[in-house]
Amino acid sequence: MEKGIDLRDQILRLYNDFYHGGSMKKTVKPFSFSRAQNIYLQNMPQITSNLRLLFPNSSFFLSSLKPINPLLNFNNKNPIKRTFFTCLSSSSRKPPRKYIPDRKISTLKQSDKTEYSSMKDMDDEVVEIKNIGFNKQRAEGKDKSRKPKDLKLKVRKLNPVNTTSYVQILGTGLDTQDTSPSVLLFFDKQRFIFNAGEGLQRYCTEHKIKLSKIDHIFLSRVCSETAGGLPGLLLTLAGFGDEGISVNAWGPSDFKYLVDAMKSFIPNAAMVHSRSFGPSPKSDKDSLDSCRKLNDQLILIDDEVVKISAILLQPETKDKFASKASDISVLYICELPEIRGKFDLDKARALGLRPGPKYRELQEGNSVKSDLKDIMVHPDDVLGPSVPGPIILLVDCPTSSHFQELLSAPSLETYYADMPEEKRKTVNCVIHLSPSLVVNSSDYQNWMSRFGGAEHIMAGHQMKNIEVPILKSSARVAARLNYLCPQFFPAPGFWSLQQASCLNEDIGLNLCNTTSAENLLKFHLRPVAQLGLDRSGIPPKAGPVDIINDLLEEIPEISDASRQVARLWDGEEDAGEGVTCVEGDNNNMIEEPWLNQNVVPSCLENITREDVEIVLLGTGSSQPSKYRNVSSIFINLFSKGSIMLDCGEGTLGQLKRRYGIEGADDAVRRLKCIWISHIHADHHTGLARILALRRDLLKGTTHAPLIVIAPRNLKRFLDAYERLEDLNMLFLDCRHTTEASLASFESNSDSNELPIENTLFSKGTQMQSHWKRPGSVFDSNVVGPIVDKLKNVLRDSGLDGVISFPVVHCPMSFGVVLKGVDRVDSDGRMIPGWKIVYSGDTRPCPELIEASRGATVLIHEATFEDALVDEAIARNHSTTGEAIEVGNAAGAYRIILTHFSQRYPKVPVFDESHMHKTCIAFDMMSINFADLHVLPKVLPYLKLLFKDEMIVDESDDVEDAVTIAA
């Protein structure tokens, strides 16, 4: 370490020599860091050249040199150590793109009387936050990026004659046990997607399927299982290019109502041209019009490339007014046009036709007049026998009641092989999205056999694929992390045979040709010569053994690192103490003694492994990527239940990847409360799927509705979803759980109307003037019972409170504090309760520092690296350095950084000298409170695991969309 300090001193002297010509005269103004920064920025090429000449073997430091952050003023004994160098976590990277935001920048200034440097003294790591910029327009919801677009549908020129076409399965296996598989219908110049469950765009990013080519999205049912990924997908499409991409979205019944409700959090929802078909479930099903629509084959698209029609299935119910839109299921029929027979030149000449344009007219199906004879020549006179176009059926039959409707559908009669030939249409492939419980019945298999020699692809939840992760990149990283540190990264649930018991056994389907769906399995439609199954695109299967063997070959020293990590839990305090992954001359670890300086807080005395665990389900921002899902944190209280903080798209899938199918179901059953920080889509669009599953799991048992705490503007969307399917929840505005509101509720319990503090910051702060709002009231008769239920739930969970506080990001953005109850040890001593603080998305702000004071764990967003502070300000996010400074200022024991920009695919850029109480989060990372003392000691080994990783944008498809949802 002493060697590194000497290097920094020499660099400072080099700055001085460069500016003063090698001498420090009395007439020259003394050296300052701000002047050094200006010199560096103005003369970077020459300085860099001189530095390389002076230190030819120090490329690591030279490639990492960054100027001092001009927005932060640090009150440290050694400021250069804290802010002058940013040590990159990878050896090379793309230069950051220049970002010139259209915004109004404000600053937060503390008066001399309230300096945060006096708040807490933490071993010379005290930080005084003087000037923190933020985007005022974005915080108030007035930034231009949120203005709705009125996008026009793009009209593509079709090419029906010489075309390639196929259907392809997009996702099947354990990763899809929480959602319906999607199916892609591909043409050269058109794309159709059937179902958009959670994880669809993450899957497409993984397998390089271009979302920008999608023209139409069809839903087989309107529910969270089939539509959970739609909001994220629409946001992604809206972000392409300058204008975005508009699509048609089709669904039965109240689908349009759902899309309209999305406008509460998708400002570009105008880009969706929603198409609802069929009756509302609450309409009079006995009416003539309703019966006709349900029994008829509804034609949705009919052009020269494909005809897509729908048959609606709505089972009879005793109370038709109690039915939901999700009760209606759709069978889709895709018919390609016939290919006309070969043109016979001899017949054309015999009929008096000269070569020319009339030949083309006949080939296109038009009749023409003969050139030499007084007759009309018809296409059938000169063309050989036509080849019928392929036909594909997509069947989603969720229950046996739906199947009874399917059997009685008269519109299907012409597609059965036992019909007379003149009325029969030959079906080539049937894709079954129905669950195993329905498919495995003998009646269903007898119905399948009626399609003759058609190929049947079983794309429902089949047990065969239970151990096949569809997100192989994420699974690979999870396996490598598990090898290095199984304590923080338990083995993923999809590689455990114990999960198989929760699925029905597959019954042999001997009555017809069946194929179990696999990821990226194709059925070719055109050209005709390729008609049939194509397995060439199915990804190869790789288990954990293969992944670890590759790891050991790539990084041989990881084996020794894994043993050193294990010793951290074996009580060998000297094993690996204070190591970092900065490489010295001999490629050895360099000791960092500051890793041993933390004192375990009293709240962790006698803590057990059955008390608290933080599981980071999603650690990325904006939209899911190959390696990081979007925001979600699972607070496991073990026998006392669990709390979820934010619930981005794919949260349920992440739970299943972490715990397996049965374990995830149990985790959802035990949920006591879900807290949402703000209504950006990457923080809440997985909520409906979690609520729907909990409803199904607890059906028939005595249970209380789940309490959802969220900003009030999310309620509109949840109310819309409740019209589609019951979510079995109670909603509580975040404002009702602030410290001030809870205190007012207690003190004014006899009043029907209680005031709510509606400013962003408490009175007396300089920020208050930016966010003054008229006071508002809430009806205690409505809110009071829910608050009381929340208190009871928290008490049963061993929590003293869930307290929301406002932060600086967008309108109605919040952070949260979770407090554990005080405990009494065996000697009768009072042990204070632990404290978890989650920042949500925010710029550093006084409310967050105040709420985090003395926190056991601060989970703080760190979207950008320190060099991109301007972009962080423009989007009201934090940099890694700023997040750490907030934790230091508040005296937090441990800091976990999360919510990283997807421009950092695997590991973000950070300054390692700040990390003595901090750790970088990874998806499915599980941090038990009994292991908090070890947490920072593991980070150097994680750097070793990713030492050669590049920092690159993952896909051309997602590059621009990050801005939309951030």
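Along each chain, numbering runs from 1 in the same order as the chain's sequence is written. Where totals are concerned, whole chains, interfaces and linings use all residues; where local detail is concerned, this predicted model gives features only for residues with pLDDT of at least 70, and gives and counts side-chain atom pairs only at 80 or more. To get the side-chain values, take all heavy atoms of the structure and skip hydrogens and water.

## What to know about the overall build of the protein
Secondary structure summary: the protein contains 30 helices and 38 strands in total. Contact definition: two residues touch when any of their heavy atoms are within 4.5 Å. Contacts in the protein between residues at least 24 apart in sequence constitute 70% of all its contacts with a sequence separation of at least 6. When the accessible area of the protein is evaluated, it comes to approximately 38,900 Å², of which 50% is carbon and sulfur surface. Secondary structure follows DSSP: runs of H or I at least 4 residues long count as helices, runs of E at least 2 residues long count as strands, and numbering of each begins at the N terminus. Using a 1.4 Å probe, the Shrake-Rupley method yields the accessible areas, and only the shown protein chains count as cover for residues.

## Notes on the packing of aromatic side chains
Aromatic contacts are taken between Phe, Tyr and Trp rings whose centres are within 6.5 Å, Trp giving its six-membered ring; a plane angle under 30 degrees counts as stacked, one over 60 as edge-to-face, and the others as tilted. Considering all chains together, one arrives at 21 aromatic pairs under this definition. Where Phe-403 meets Tyr-444, the ring centres are 5.4 Å apart and the plane angle is 40°; that geometry is what we call tilted. Of this pair, Phe-403 sits in helix α15 (residues 400–407) while Tyr-444 sits in helix α17 (residues 442–448), placing them 41 residues apart in sequence. Assigned by exposure class, Phe-403 and Tyr-444 land together as buried. Among the aromatic side chains, those forming a connected cluster through ring pairs are Phe-187, Phe-192, Phe-194, Phe-218, Trp-250, Phe-277 and Tyr-332. Two conditions define a charge sitting above a ring: the NZ of Lys or the CZ of Arg must be within 6 Å of the ring centre, and it must be within 35 degrees of the ring normal. Over the ring of Tyr-166 we find Lys-522, and its NZ or CZ is 4.2 Å from the ring centre. Remark: exposure states derive from per-residue accessible area (1.4 Å probe, protein chains only) relative to the maximum for the residue type, with buried under 20%, exposed over 50%, and partly exposed in between.

## Some thoughts on empty space enclosed by the protein
Detection works on a 1 Å grid of protein atoms alone, calling trapped sets that fit a 1.4 Å probe cavities and calling open sets with protein on both sides within 12 Å along at least five of seven lines pockets, with lining residues defined by an atom within 4 Å of a point. Grid points are joined across faces, edges and corners, and a volume is the space filled by probe spheres set on the points. A complete count under the given rule lists 15 cavities of 30 Å³ or more for this structure. Of the voids in this model, the second largest cavity is the one considered here, and its volume is about 100 Å³. In terms of lining, the second largest cavity is formed by Ser-474, Val-477, Ala-478, Leu-481, Tyr-627, Arg-628, Pro-905, Lys-906, Phe-922, Asp-923, Met-924 and Phe-946. Taken together, the residues that form the lining of the second largest cavity break down as 8 nonpolar, 1 polar and 3 charged. Just so you know the grouping, Ala, Val, Leu, Ile, Met, Phe, Trp, Tyr, Cys and Pro go in nonpolar, Asp, Glu, Lys and Arg go in charged, and all remaining residues, Gly too, go in polar.

## Describing the sheet that holds strand β6 (residues 216–218)
Strand pairing is assigned whenever DSSP identifies at least 2 bridges connecting the two strands. Taken in spatial order, the 8 strands line up as β8-β7-β6-β5-β4-β3-β18-β19 in an open sheet, and their pairing is mixed. Here the strands that pair on one side only, and so sit at the sheet edges, are β8 (272–277) and β19 (532–534). Averaged over all neighbouring strand pairs, the angle between strand axes comes to 25°, with direction disregarded. Where strand β3 (residues 165–170) meets strand β4 (residues 182–187), 6 bridges bridge the pair, whose relative direction is antiparallel. For helices, the fitted line uses only the C-alpha atoms of the stretch in contact; every axis is such a line through C-alpha atoms, and the angle between N-to-C directions lies from 0 to 180 degrees.

## Observations regarding the packing of helix α21 (residues 651–669) against helix α22 (residues 687–697)
Close contact between α21 and α22 brings their axes to 11 Å; oriented N to C, the two are set at 30°. On the basis of their axis angle, the class for α21 and α22 is roughly parallel. Classified by chirality, the crossing of α22 by α21 is right-handed. Across the interface between the two elements, Thr-651, Leu-652, Leu-655, Asp-665, Val-668 and Arg-669 from α21 touch Arg-689, Ile-690, Leu-693, Arg-694 and Leu-697 from α22. Broken down by class, the residue content of the contact of α21 with α22 amounts to 6 nonpolar, 1 polar and 4 charged. Here roughly perpendicular refers to angles of 65 to 115 degrees, roughly parallel to angles under 35, roughly antiparallel to angles over 145, and oblique to all remaining angles. Two helices crossing with the near one rotated counterclockwise from the far one by less than a right angle form a left-handed crossing, whereas a clockwise rotation gives a right-handed crossing.

## Points about the pattern of salt bridges
Just to be clear on terms, a salt bridge is a Lys or Arg side-chain nitrogen sitting within 4 Å of an Asp or Glu carboxyl oxygen. Across all of its chains, the model carries 25 salt bridges by this definition. Close ionic contact of Glu-554 with Arg-480 constitutes a salt bridge, the shortest N to O distance being 3.3 Å. With a gap of 74 residues between them, Glu-554 in helix α19 (residues 544–554) and Arg-480 in helix α18 (residues 472–484) connect regions that are remote in the sequence. The partly exposed category is assigned to Glu-554, whose relative accessible area is 38%.

## A word on the nonpolar core
Counting 102 residues, the largest nonpolar core has Ile-635 and Phe-929 as its most contacted members. Broken down by element, this core gets its largest block of residues, 7 residues, from helix α29 (residues 935–945). The next biggest cluster of nonpolar side chains, apart from the first, holds 71 residues, and it includes Ile-214, Ala-227, Tyr-659 and Leu-718. What is meant by a nonpolar core is a set of buried Ala, Val, Leu, Ile, Met, Phe, Trp, Tyr and Cys residues, joined one to another through side-chain atoms within 4.5 Å.

## Here's the deal with the sheet that holds strand β16 (residues 455–458)
With mixed pairing, 7 strands are arranged side by side in an open sheet as β9-β10-β11-β14-β15-β16-β17. Edge positions in the sheet fall to β9 (298–302) and β17 (513–516), since each has one partner strand and no second. Sheet twist, expressed as the mean angle between neighbouring strand axes with direction ignored, is 20°. Two elements, strand β14 (residues 391–395) and strand β15 (residues 429–432), share 4 bridges in a ladder whose sense is parallel. Paired with Leu-393 across the strands is Val-430, a residue of β15. Helix-sheet contacts for α15 involve β10 (307–313), β11 (329–335) and β14, and the interaxial angle to β10 is about 120°.

## Things to note about the confidence of the model for the protein
On average, residues of the protein carry a pLDDT of 76, and 69% of them reach 70 or more. pLDDT runs from 0 to 100 and stands for how confident the predictor is about each residue. Segment residues 284–292: pLDDT under 50, and 12 contacts once partners within four positions in sequence are set aside and those in other chains are kept.

## Section: the side chain of Ser-434
Tracing the backbone through its elements, the reader meets Ser-434 in the loop between β15 and α16 (436–439). Overall, Ser-434 belongs to the buried group, its relative accessible area being 1%. Pairing of N or O atoms within 3.5 Å defines a polar contact, subject to two protein rules: one partner must be a possible hydrogen donor and the other a possible acceptor, and residues neighboring in sequence count only if both atoms are side-chain atoms. Polar side-chain contacts of Ser-434 include one of 3.2 Å to the side chain of Tyr-444. If we ignore the near neighbours within four places in the chain, the residues touching Ser-434 are Val-395, Asp-396, Cys-397, Val-439, Tyr-444 and Gly-460.

## Digging into the environment of Met-830
Here Met-830 shows up in strand β33 (residues 830–831). Taking the relative accessible area as the measure of exposure, Met-830 reaches 53% and is therefore exposed. Considering only alpha carbons, one finds Met-830 and Cys-603, 227 residues apart in sequence, at a separation of 9.5 Å. In this structure, Met-830 is in contact with Asp-822, Arg-823 and Val-824, ignoring residues within four places of it in sequence.

## Here's the deal with helix α20 (residues 558–568)
Within the sequence span of α20, burial applies to Ile-558, Ala-561, Ser-562, Gln-564, Val-565 and Leu-568. Within α20, the buried residues cover an arc of 165° as seen down the axis, which keeps them to one side. For α20, the elements touching its buried residues are α18, α19 and α29. The directions from the helix axis to the C-beta atoms are what the arc is built from.

## Here's the deal with unusual backbone geometry
Between Arg-526 and Pro-527 the backbone carries a cis peptide bond, its omega angle lying at -5°. Take Pro-527: it is sitting in the loop between β18 (522–526) and β19. Even without being a glycine, Asn-728 presents a positive backbone phi close to 50°. Tracing the backbone shows Asn-728 in the loop between α23 (715–724) and β27 (729–733). Residue classification places Asn-728 among the buried residues on the basis of a relative accessible area of 19%. Phi angles above zero are rare outside glycine, and Met-812 is one such case at about 60°. Its location among the elements puts Met-812 in the loop between β30 (799–806) and β31 (814–820).

## A few points about the side chain of Ser-741
Mapped onto the elements, Ser-741 comes out in helix α24 (residues 739–747). Engagement of the side chain of Ser-741 in a polar contact is seen with the side chain of Thr-738, the distance being 2.9 Å.

## Some details on the pairing of β3
With 6 of its 6 residues buried, β3 lies for the most part within the structure. By the alternation rule, side chains of β3 split into Ser-165, Val-167 and Ile-169 and Tyr-166, Gln-168 and Leu-170, which are all buried. Bridge analysis of β3 against β18 gives 4 bridges, and the strand direction is antiparallel. Residue Tyr-166 lies in a different strand from β18, and its bridge partner there is His-524.

## A closer look at α15
Among the residues of α15, those classed as buried are His-402, Phe-403 and Leu-406. Axial view of α15: buried residues confined to an arc of 105°, hence all on one face. The elements touched by buried residues of α15 are β10, β11, β14 and α17.

## Some words on the packing of α20 against α29
Two packed helices can be described by the angle between their axes and the distance between those axes. At a minimum axis distance of 11 Å, the contact between α20 and α29 shows a crossing angle of 165°. If you check the angle between α20 and α29, you find them roughly antiparallel. Read as a crossing pair, α20 and α29 show a hand that is left-handed. Packed against α20, whose contacting residues are Ile-558, Ala-561, Gln-564, Val-565 and Leu-568, the element α29 presents Lys-937, Val-938, Tyr-941, Leu-944 and Leu-945 at the interface. Looking at the contact of α20 with α29, its residues break down into 8 nonpolar, 1 polar and 1 charged.

## So, the environment of Arg-689
Locating Arg-689 in the fold gives a position in helix α22. For Arg-689, a relative accessible area of 9% corresponds to the buried category.

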